[in-house]
Amino acid sequence: MNKFRSRLLLALLVLIIIVLVGLGLLLGQLFKNFYFQTFQERMEKEAKLVEMYISEEGITSPALKSKVDQISHSLSVRTTIVQKDGKILVDSNPGSKQQRIEKSIVIQQVLKKQLNSKKSFDQIKEDYDLYYYGIPLIIEGKQEGFVVLSTSFDSLKQVNQQIWGLLIGSLGLALIVILLLGVKIMGRYTRPIESATKVAMELAKGNYKARTYEDYVDETGMLSQSINALARNLQESITNQEMQQDRLRTLIENMGSGMLLIDSRGYINLVNRAYKEQFHIHPDDFLYHLYYEVFEHKEIIKLVEKIFMTEVKVRKQVVLPLNIERRYFDVYGAPIIGLNDEWKGIVLVFHDITELKKLEQVRRDFVANVSHELKTPITSIKGFSETLLDGAMEDPQLRQQFLSIILTESQRMESLIQDLLDLSKVEQQGFKLSIHSVDLNTLLYEVTTVLSNRATEKEITLTLDTLPEEAWIDGDSQRLMQVFVNLIGNALMYTMPGGTVHVSLEEEEETITVHVQDTGIGIDSDEISRIFERFYRVDKARSRNSGGTGLGLAIVKHLVEAHKGEIEVKSEVNKGTTFSVKLHKYLPQM
């Protein structure tokens with residue numbers, strides 16, 4: 001910006017110098033012409049005065065020479081009377097003979113073209129630095145010659161030099177004053193412009209907090225106000241835009257569904273975090289690549305091509321193999337149309353509905369399992385009832401046998417319905433536990449005591465290792481007893497005669513863990529993740545024959561989670577299984 005001020009100052013200086021030089025030349029010429037005109041008028045008047053005197057005295061008067069010398073001395077001029085034929089009649093202050101000859105030659109040169117003229121004349125002889133003014137000498141109405149006055153031209157030059165000196169001094173002083181005023185005025189007007197320019201450059205760089213000073217109320221002040229208003233508006237716009245971008249970025253990155261943006265040329269411009277996590281991809285492998293080069297699944301490529309060709313929304317459910325599992329996706333694709341129907345690209349959203357599909361399958365399995373579990377005892381009851389009605393009642397042995405089977409199947413139905421009610425109750429959102437202090441040593445002793453007869457019947461050794469001191473926790477004693485009855489009962493159910501079931505407690509700083517370890521048939525690693533599903537049985541024949549409903553472990557899992565606890569399973573086929581239930585001594589406040 002200093003260059004601008006320097007250029008402006010230089011231009012102003014040149015303009016002022018040109019104006020002042022022109023003004024000086026004009027004034028100098030005017031003063032010169034004025035003085036020369038005044039000098040000429042004086043010489044004219046003096047010449048006429050001398051001509052009048054000589055006309056009255058006559059050119060033959062003996063006192064003419066002395067009178068002319070006196071007049072010349074008084075007027076500080078040289079007076080020369082020249083006859084019509086060019087002969088000098090009278091010459092005041094003639095000087096030496098050589099000077100008379102030179103002066104006569106000069107006068108003759110001056111009068112050379114004026115002898116036949118009847119008008120006055122003037123002439124400057126620069127070689128001799130003399131000014132000549134002559135008028136016709138008229139005596140008694142007849143021209144007798146010329147009266148020529150001459151004087152040195154030095155005085156005119158001196159005056160001219162003085163005029164130029166005065167003009168140069170005055171105009172130089174004016175130049176300095178004007179230049180100082182110009183610099184001050186220019187600074188006043190360029191300083192806001194410089195400040196506004198700096199602010200504009202900062203705005204161009206992205207610094208929207210830059211502001212300029214608003215010192216004046218004139219046009220420069222209006223410029224500063226406009227720049228500041230522009231900066232504030234830009235800052236607000238950028239702030240709002242950044243907020244919108246942050247919100248949009250947060251929404252896109254934290255939405256539960258995967259999302260892709262494909263531009264009008266087919267290049268992928270955006271991949272959100274959910275998509276990267278769902279498909280286990282690195283963004284560098286997708287961003288700014290053509291979609292058909294990076295998509296591994298033909299269904300997705302065909303869907304994108306369909307949107308490109310039809311420019312309509314498309315929704316499709318697809319099953320995509322990812323690593324070792326198959327996942328279900330609800331894919332929604334839509335074209336992005338800008339202003340003036342300008343094609344911008346495509347947005348793809350991948351909703352992972354695998355869990356929904358699993359829940360739907362679980363629901364179908366639940367309905368099928370409930371139907372099957374209820375149908376079996378009902379069929380038995382119905383069949384044996386019809387047999388009794390058809391005449392078997394007459395045989396006491398058959399009647400006793402059939403009624404025993406009917407009673408067993410009724411008890412099985414009652415157990416199934418009770419488990420369903422319990423499971424439904426613990427799965428409800430408003431389910432609450434009756435929390436109080438429970439001693440796990442005492443509770444597990446009661447459970448093992450109740451199940452000891454069953455262990456004895458199957459020739460299984462059931463042991464319990466309690467803690468040396470009381471093991472108090474916060475919990476619902478009835479629900480905890482239900483948990484451990486199910487776990488120890490299952491251990492007895494799936495352990496062969498001669499095996500062992502061992503129950504132990506492990507105390508930590510804030511938790512107590514109960515381990516139920518058996519030497520039973522074990523669980524395959526592929527089935528461990530499913531054992532807590534409703535109606536799932538590891539050995540279906542053994543479980544059904546023992547009267548199990550397939551709901552016990554599902555109830556156990558929900559009750560342990562209701563106590564904010566954890567349950568883990570470790571198992572090896574044909575070696576045994578260990579269930580570990582970790583419970584908090586003091587129930588965490590949620």
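See above for the structure.
On a predicted model such as this, the values are computed, not experimentally measured, just so you know.

1. Regarding the packing of aromatic side chains
Across all of its chains, the model carries 11 aromatic pairs by this definition. With 5.3 Å between their ring centres and 80° between their planes, Y291 and Y292 make a pair best called edge-to-face. Looking at Y291, the relative accessible area reads 8%, which means it is buried. Centroid distance Y291 to F295: 6.4 Å. Interplanar angle 55°. Geometry classified as tilted. Taken together, Y275, F279, F286, Y291, Y292, F295, F308, F329, W343 and F350 form an aromatic cluster joined through their ring pairs.

2. Let's talk about the sheet that holds strand β17 (residues 576-584)
Read across the sheet, five strands follow the order β12-β14-β15-β17-β16 without closing on themselves; strand pairing throughout is mixed. With partners counted over all chains shown, the strands left at the sheet margins are β12 (461-465) and β16 (566-572), one partner each. In this sheet, neighbouring strand axes are inclined to one another by 15° on average, regardless of whether the strands run parallel or antiparallel.

3. Some remarks on the nonpolar core
Among the nonpolar cores identified, the biggest contains 39 residues, and L440, F484, L487, I488, L505, I567 and F579 are the most heavily contacted of them. Elements supplying a minimum of two residues to this core: α11 (440-457), α12 (477-493), β14 (500-507), β15 (511-518), α14 (552-562), β16 and β17. Non-local contacts of I567, meaning those with residues more than four positions away in its chain, are made with L487, F532, V556, V560, F579, S580 and V581.

4. Considerations on the pattern of salt bridges
Scanning all chains against the criterion turns up 11 salt bridges. For K358, the salt bridge goes to E355, with nearest N and O atoms at 4.0 Å. Of this pair, K358 and E355 are both found in helix α9 (residues 354-389), three residues apart, which corresponds to roughly one turn of the helix. For E561, the salt bridge goes to K557, with nearest N and O atoms at 2.7 Å. Taken together, the residues span about one helical turn, with E561 and K557 both in helix α14 at a distance of four residues. Here K557 falls in the partly exposed class, since its relative accessible area comes to 28%.

Quick notes on the rules
- Residues numbered from 1 in each chain as written.
- Predicted model: local features only at pLDDT ≥ 70, side-chain atom pairs only at ≥ 80, totals over all residues.
- Heavy atoms only, no water.
- Phe/Tyr/Trp six-rings, centres within 6.5 Å; stacked < 30°, edge-to-face > 60°.
- Buried < 20%, exposed > 50% of the residue type's maximum accessible area, 1.4 Å probe, protein only.
- Pairing = 2+ DSSP bridges.
- Helix = DSSP H or I, 4+ residues; strand = E, 2+ residues; numbered from the N terminus.
- Axes fitted to C-alpha atoms, helices over the stretch in contact; angles between N-to-C directions.
- Core = buried A, V, L, I, M, F, W, Y, C linked by side-chain atoms within 4.5 Å.
- Contact = heavy atoms within 4.5 Å.
- Salt bridge = Lys/Arg side-chain N within 4 Å of Asp/Glu carboxyl O.

Worth remembering: the numbers are spatial, not functional.
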